[in-house]
Amino acid sequence: MSGPDQRIVLAPEDGSLGPLLRIADDRLPPGAGYGRHEHRAVDVVAVVLTGSVTHRWSEGATVAAGDVAVLRAGQGLAHDEVAGDDGARVLQCYLRSADPGAPTSHEVLPAAQGWVDLRRDDARLWVGRAAPGEELAVPDGVVLVATGDGVSRQDAGPVRVTEPATVLVWQVDTARPSWAV
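About the cut-offs
- Residues numbered from 1 in each chain as written.
- Predicted model: local features only at pLDDT ≥ 70, side-chain atom pairs only at ≥ 80, totals over all residues.
- Heavy atoms only, no water.
- Buried < 20%, exposed > 50% of the residue type's maximum accessible area, 1.4 Å probe, protein only.
- Helix = DSSP H or I, 4+ residues; strand = E, 2+ residues; numbered from the N terminus.
- Pairing = 2+ DSSP bridges.
- Polar contact = N/O pair within 3.5 Å; in protein donor to acceptor, adjacent residues only side chain to side chain.
- 1 Å grid on protein atoms, 1.4 Å probe; cavity = no way out; pocket = protein on both sides within 12 Å on 5 of 7 lines; lining within 4 Å.
- Points joined across faces, edges and corners; volume = space filled by probe spheres on them.
- Contact = heavy atoms within 4.5 Å.
- Lys, Arg positive; Asp, Glu negative; His and termini not counted.
- Salt bridge = Lys/Arg side-chain N within 4 Å of Asp/Glu carboxyl O.

A. Layout of the pairing of strand S12 (residues 142-147). Of all six residues that make up S12, six are buried, and the element is covered over most of its length. The two faces of S12 match: Val-142, Leu-144 and Ala-146 on one face and Val-143, Val-145 and Thr-147 on the other face are all buried. As paired elements, S12 and strand S15 (residues 165-172) share five bridges and run antiparallel to each other. When the sheet's bridge partners are listed, Ala-146 is paired in S15 with Thr-166. As paired strands, S12 and strand S13 (residues 150-154) are joined by five bridges and run antiparallel to one another. For Ala-146, the partnering residue across the bridge sits in S13 and is Val-151. Taken together, S12 and the strand that follows it, S13, pair antiparallel across an intervening segment of two residues.

What follows is the structure in structure tokens.
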């Protein structure tokens, strides 16, 4: 069994996307995981494109294709995520924590579509799905189009694809909070 294949999609080192720190397109073979690792003062928004992953922390949770999981690791936690029998492809979106002193929590939003409630004022996520040949109207923001080949960034919508796609739009407040260094 091999480990995850991670492709960095977005990683603005200049802080130009405010709380949005990095987006990775992770592909995990069946049964593969990341290995137990820690997070602190970060929110991780996982958009499962294919397959499923089981989150191993607290009670655990299985997140399937189409679901969005929001992990708030304010005070910190150690966990692992392991792909199901069909493997998994996950867009892992890392944001600076809106409340770094808050207790950790994990929420799964099944079959997320449209605006996803992240419970924060400085970042919004919109999720849509596009069929081949369809023109999908999207809100303004950072537009990411995930197809079988990878993830591409568009400056604006609408989105038109030749194969099925999941579309993410991030709207972020580019002002840094006073506690951020």
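From this point on, the discussion continues.
B. Summary view of the environment of Asp-43. Relative to the helices and strands, Asp-43 resides in strand S4 (residues 42-56). Within polar-contact distance, the side chain of Asp-43 engages the side chain of Arg-120 at 2.7 Å.

C. Structural context of empty space enclosed by the protein. Evaluation of the coordinates by the stated rule reveals one cavity of 30 Å³ or more. Considering only enclosed or pocket space, the largest cavity measures out at about 70 Å³ in volume. Taken together, Val-44, Ala-46, Val-53, His-55, Val-63, Ala-69, Val-70, Leu-71, Glu-81, Gln-92 and His-106 make up the full set of residues lining the largest cavity. Of all the elements in the fold, those that place two or more residues in the lining of the largest cavity are S4, strand S6 (68-72) and strand S7 (77-96). The element best represented in the lining of the largest cavity is S4, accounting for four residues.

D. Structural detail: the environment of Pro-4. Checked against the element boundaries, Pro-4 lands in the segment before strand S1 (5-10). Taking the C-alpha atoms as reference points, Pro-4 and Gly-76, separated by 72 residues in sequence, lie 23 Å from one another. Not counting the four nearest positions on each side in its chain, Pro-4 is found in contact with Arg-27, Leu-28, Gly-33 and Tyr-34.

E. Molecular detail of the side chain of Asp-26. With respect to the helices and strands, the residue Asp-26 is situated in strand S2 (residues 20-28). Buried and unpaired, Asp-26 has no salt bridge, with Arg-22 as the nearest side chain of opposite charge at 6.7 Å. At a separation of 2.7 Å, a polar atom in the side chain of Asp-26 contacts the side chain of Tyr-34. Excluding anything up to four places from it in sequence, Asp-26 contacts Asp-5, Gln-6, Arg-7, Tyr-34, Ala-88, Arg-89, Val-90 and Gln-92.

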